[in-house]
Amino acid sequence: MNESDKRLAALAAVEEVRAGMIVGLGTGSTAAFAIEALGERVRGGLAIQAVATSLATEAHARAAGITLIDLPARIDLTIDGADEIDGTLRAIKGAGGAMLREKVVAAASARMLVIADGSKRVAAIGVAKIPVETLPFARNFVATRLESLGAEVALRANFITDQGNSVLDCRFAPDIDHRRLAAEIAAIPGALGHGLFLSEVSAAYIATNGVVTRLERDERTR
């Protein structure tokens, strides 16, 4: 992973932020560069409000001087990272364990931008583990249901989400039907959220060796 490329991707995405916007702030090392860049613009006079996808992001945003609000009915623009993203802007997220709140913020957003270094760009998603946030009471039940869908399931050790839940990290066959899989996971009682972002991403800024490429979703693929 290239920290310089992460920063370049973040800087490019932040240029889409305009005065008066409500901005969703993602979680993770790449999103942190966007928070820093937005903080600089806010200190320079940019008036925005923001919604944080995790407690860590909330603390970072406050330290950067960004005004935070509770989740509104509509967010203008969200900027977040990804564990994997392909050319059709399907993504896997959740290595940082914030995918449930990230999914809610993405759903409320008019547009979602993913920022990443080139190592996250893949021909087709499916190599990265798919995390599933799980009600602790239902953890064994959910794990068994996930295994019946073809997953190799591992409890994320020594980790609880900001909501106090467990995370089950799942490996599926790379060629699985991810759209069908997302619906099947969502239908499991006790599975509260998962890391498949198949239609939420509007555009991506991906930086490789100092060059930023912008990808825009073809609406026919939603």
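Details of the structure are given in the entry above.
Residues numbered from 1 in each chain as written. Predicted model: local features only at pLDDT ≥ 70, side-chain atom pairs only at ≥ 80, totals over all residues. Heavy atoms only, no water.

### Side note on unusual backbone geometry
In step 1: Non-glycine residue L89 carries a positive phi angle of around 65°.
In step 2: Structurally, L89 is set in the loop between β4 (84–85) and β5 (91–92).
In step 3: In the Ramachandran plot, N158 falls in the positive-phi region, its phi being about 55° despite a non-glycine side chain.
In step 4: Along the chain, N158 falls in the loop between β8 (152–155) and β9 (166–171). (Helix = DSSP H or I, 4+ residues; strand = E, 2+ residues; numbered from the N terminus.)

### Some details on helix α3 (residues 55–64)
In step 1: Among the residues of α3, T57, A61 and A64 are the ones counted as buried. Taken end-on, α3 shows its buried residues confined to a sector of 60°, consistent with a single buried face. Away from its buried face, by an angle of more than 90 degrees, α3 presents the exposed residues A56, R62 and A63.
In step 2: The inward-facing, buried residues of α3 abut β1 (22–25), α2 (29–43) and β2 (49–52). (Buried < 20%, exposed > 50% of the residue type's maximum accessible area, 1.4 Å probe, protein only. Arc of directions from axis to C-beta. Contact = heavy atoms within 4.5 Å.)

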